[in-house]
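Here's the letter readout for the chains.
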Amino acid sequence: MGLNTLDFLVIVAYLAGVTLFGMRFRARQRTLKGYFLAGNTIPWWAISLSIVAAETSTLTIISVPGLAYEKDFRFLQLVIGYIVGRIVVSFVLIPQYFRGRLVTAYQLIGRRFGGRLRSLTAGLFLITRAAAEGVRVFAVAIVIRIALGGLLTGMSDLARDVTAIAVVTVLTLLYTFEGGMAAVIWTDVVQLGIYLTGTLVAAFSILRFVPGGWQTIHVIAAHADRFRMFDASTNLSAPYTLWAGIIGGAFLTTASHGTDQLIVQRLLSARSERQAKIALLSSGVAIFFQFTLFLLIGSMLFVFYKQFPPAVAFARTDTIFPTYVVSRLPHGLSGLLISAILAAAMSNLSAALNSLSSTTVVDFYARIAPQSSEELRVRLSRLSTIGWALTLFGLALLARNGGKVLEMGLSIASVAYGSLLGVFLLGVLTKRASENGAMLGMIFGFALNLYLWLLTGIAFTWYVVFGSAATFIVGYGASWLMPRKAQEPIQSVEGG
């Protein structure tokens, strides 16, 4: 059917509403701690929901259903590993973060090893997070191109993508620029409610459209093996096996939730260490049920399109769910679902902008200019947010020629996560590791992961496992041969 005026009004109302809501927090941010950590005033349940929203980008909403449509539920094996990884972070890394007045994850590295390794880890985060986020932002263009195809007739594919990415980036920038982390977390909570509501509406609509409802869906999907969840094979090129899921997923989440400023910044915004742990562990339960819902949608769409084949075969699985929303749902509901997908995109983008900005200012500028005033740092934090928004806009356009957006985004992030996690484990679990040894180990681990990604068929789910192991082993061994330098003492928030 395509979208009509009612759908466009729903989308516009959502975009305007969430932007205005986020801007309500602008007057509260006068210090770096207030701007980047919301003054440690956020309750655990809001942080938990915000973590779920941060993990649920547009990639998730459009790509995970495509996995079940094309194959089965084996992706959930990775999610089991996500829960295991959260337990490790809660007991190994979170206590370390709450022993000092930290704003970024990389201050911990500075305290343990020194300024050079802190700069290296922070710089690696900036580069790889920006690259991975560019892929996520591009996923917005896939949705908008399908949803607003009629409105954007006469425009080239490039022009449509530029328009779609620009609209979402500018609106997200407005409230992130003004409200900082408080705006990010509370808009996350609202946006999570919107896209979960929209996804449930889509699920019930498929049940209504398929003759026989759930009974028909279950019979056909089960016969096609679409509900298969476990694969005990040891093939390292298969991304979704039991071993890649539990081991690889645990390492991936330990890295992403324990060393990536995108998530660590949320945990540091908690009122206490205990609340940070509760937020992280509870988000694991929520994320399991959420991914189950997205995969269920994919298997339901498999049955739906068996009953009602599309006029043109789908060129990529990323487009299946958005196409269903635009072509099959009643007007108004279509607008709600497109708004839900945009909600996930804006939620993730706002978090990325804030974490990139915090790392830039706290881990680099504040160390270069330690005597700079708090007012100047907050002002530069906002300018940095604008700079990163422009950077992600450009990277999103470069991602147009990639493959499946979900796996491309996870692969880019996983290449860096291996070496980052290895360095953090060296710092937390050993006393002998030196800065020089850890830097050598980090470089080796990163190079190994680049090799695995670009020149082998090994699945991305193993990158963090191999990269962190290589970083840890080489870093620990090299530390025996290299003299240990004096550690940089932890500084306060005001001191950077």
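Residues numbered from 1 in each chain as written. Predicted model: local features only at pLDDT ≥ 70, side-chain atom pairs only at ≥ 80, totals over all residues. Heavy atoms only, no water.

The next thing to look at is the overall build of the chain. The helix and strand tally for the chain stands at 18 helices and 0 strands. Taking 496 residues into account, the globule formula puts the C-alpha radius of gyration at 23 Å, and the chain, at 22 Å, falls close to it. For the chain, the spread of C-alpha atoms along the principal axes amounts to about 70 × 55 × 40 Å. Counting only residues that meet the buried cut, the chain has 59% of its 496 residues in that class. Taking as baseline every contact in the chain between residues at least 6 positions apart, the subset at least 24 positions apart corresponds to 86%. Total accessible area computed for the chain in this model is approximately 18000 Å², and 68% of it derives from carbon and sulfur atoms. Where the 38 positive side-chain charges of the chain centre and where its 21 negative ones centre are 5 Å apart. (Helix = DSSP H or I, 4+ residues; strand = E, 2+ residues; numbered from the N terminus. Rg over C-alpha atoms; globule rule 2.2 N^0.38 Å. Buried < 20%, exposed > 50% of the residue type's maximum accessible area, 1.4 Å probe, protein only. Contact = heavy atoms within 4.5 Å. Areas by Shrake-Rupley, 256 points an atom, 1.4 Å probe, with all protein chains shown as cover. Lys, Arg positive; Asp, Glu negative; His and termini not counted. Charge placed at Lys NZ, Arg CZ, Asp CG, Glu CD.)

All right, on to the packing of helix α5 (residues 76-97) against helix α10 (residues 242-258) then. Pairs of packed helices are described in terms of their axes, by the angle between the two and the distance that separates them. The N-to-C vectors of α5 and α10 enclose an angle of 35 degrees; their axes lie 6 Å apart at closest approach. As for how α5 packs across α10, the hand of that crossing is right-handed. Note on element contacts: α10 touches α5 through L242, A244, G245, I246, G249, A250, L252, T253, T254, H257 and G258, opposite Q77, L78, I80, G81, Y82, V84, G85, R86, V88, V89, L93 and Y97. Among the residues forming the contact of α5 with α10, the class breakdown is 13 nonpolar, 9 polar and 1 charged. (Axes fitted to C-alpha atoms, helices over the stretch in contact; angles between N-to-C directions. Left-handed = near helix turned anticlockwise from the far one by under 90°. Nonpolar A, V, L, I, M, F, W, Y, C, P; charged D, E, K, R; others polar.)

Another point: the confidence of the model for the chain. Of the residues in the chain, 91% reach a pLDDT of 70 or more, and the chain-wide mean stands at 85. Below a pLDDT of 50 lies the segment residues 486-496, which in the model reaches 34 contacts outside its immediate sequence neighbourhood of four places, other chains included. (pLDDT = per-residue confidence, 0-100.)

Glancing now at α5. Compared with the 32 Å implied by 1.5 Å per residue over 22 residues, the 30 Å span of α5 between its first and last C-alpha is a close match. Of all the bends in α5, the greatest measures close to 40 degrees and is centred on S90. (Expected span 1.5 Å × (residues − 1). Bend = angle between axes of the 7 residues up to and from the residue.)

Here the focus is the pattern of salt bridges. For the coordinates displayed, the defined rule picks out 11 salt bridges. Across the pair E375 and R379 runs a salt bridge whose closest N-O atoms are separated by 3.8 Å. Here E375 and its partner R379 are both found in helix α15 (residues 374-398), 4 residues apart, which amounts to about one turn of the helix. Residue class for E375 comes out exposed when judged on its relative accessible area of 58%. When its relative accessible area of 44% is taken as the criterion, R379 is described as partly exposed. Residues participating in the shared-partner salt-bridge network are D72, R74, R228 and D231. (Salt bridge = Lys/Arg side-chain N within 4 Å of Asp/Glu carboxyl O.)

Moving on, we get to the packing of aromatic side chains. Inspection of the entire model under this criterion finds 23 aromatic pairs. Centroid distance F75 to Y240: 5.3 Å. Interplanar angle 70 degrees. Geometry classified as edge-to-face. Note that F75 is positioned in the loop between α4 (58-70) and α5 and Y240 in the loop between α9 (213-223) and α10, a separation of 165 residues in sequence. Across the pair, exposure class does not vary: F75 and Y240 are buried alike. When the ring of F209 is compared with that of F304, the centres are 6.4 Å apart and the planes differ by 50 degrees; the resulting orientation is tilted. Of this pair, F209 sits in helix α8 (residues 157-209) while F304 sits in helix α12 (residues 273-307), and the two are 95 residues apart along the sequence. (Phe/Tyr/Trp six-rings, centres within 6.5 Å; stacked < 30°, edge-to-face > 60°.)

So, on to a nonpolar patch on the surface. A contiguous nonpolar surface patch, about 350 Å² in accessible area, is contributed by V84, V88, W243, I246 and I247. When residues of the nonpolar patch are traced back to their parent elements, those giving at least two are α5 and α10. Examining the composition of the nonpolar patch, we find that 3 residues originate from one element, α10, more than from any other. (Patch = residues over 30% accessible without salt bridge, like charges linked within 9 Å, V, L, I, M, F, W, Y side chains within 5 Å.)

The terminal C-alpha atoms of α8, which comprises 53 residues, lie only 32 Å apart, well short of the 78 Å expected from a rise of 1.5 Å per residue. At G179, α8 shows its maximal bend, which comes to roughly 130 degrees.

Further remarks concern the environment of N4. Relative to the helices and strands, N4 resides in the segment before α1 (5-23). Look at N4 and you get partly exposed, because its relative accessible area is 27%. Between the C-alpha atom of N4 and that of A276, which follows or precedes it by 272 residues, the distance is 44 Å.

Further remarks concern the environment of S327. When you line up the elements, S327 lands in helix α13 (residues 320-328). For the pair S327 and S205, spaced 122 residues apart in the sequence, the C-alpha separation amounts to 12 Å. A distance of 2.6 Å separates a polar atom in the side chain of S327 from the backbone oxygen of T323. (Polar contact = N/O pair within 3.5 Å; in protein donor to acceptor, adjacent residues only side chain to side chain.)

By secondary structure assignment, the location of I278 is in helix α12. Take I278: its relative accessible area is 27%, and that puts it in the partly exposed class. As for I278 and S48, which are separated by 230 residues in sequence, their C-alpha atoms are 7.9 Å apart.

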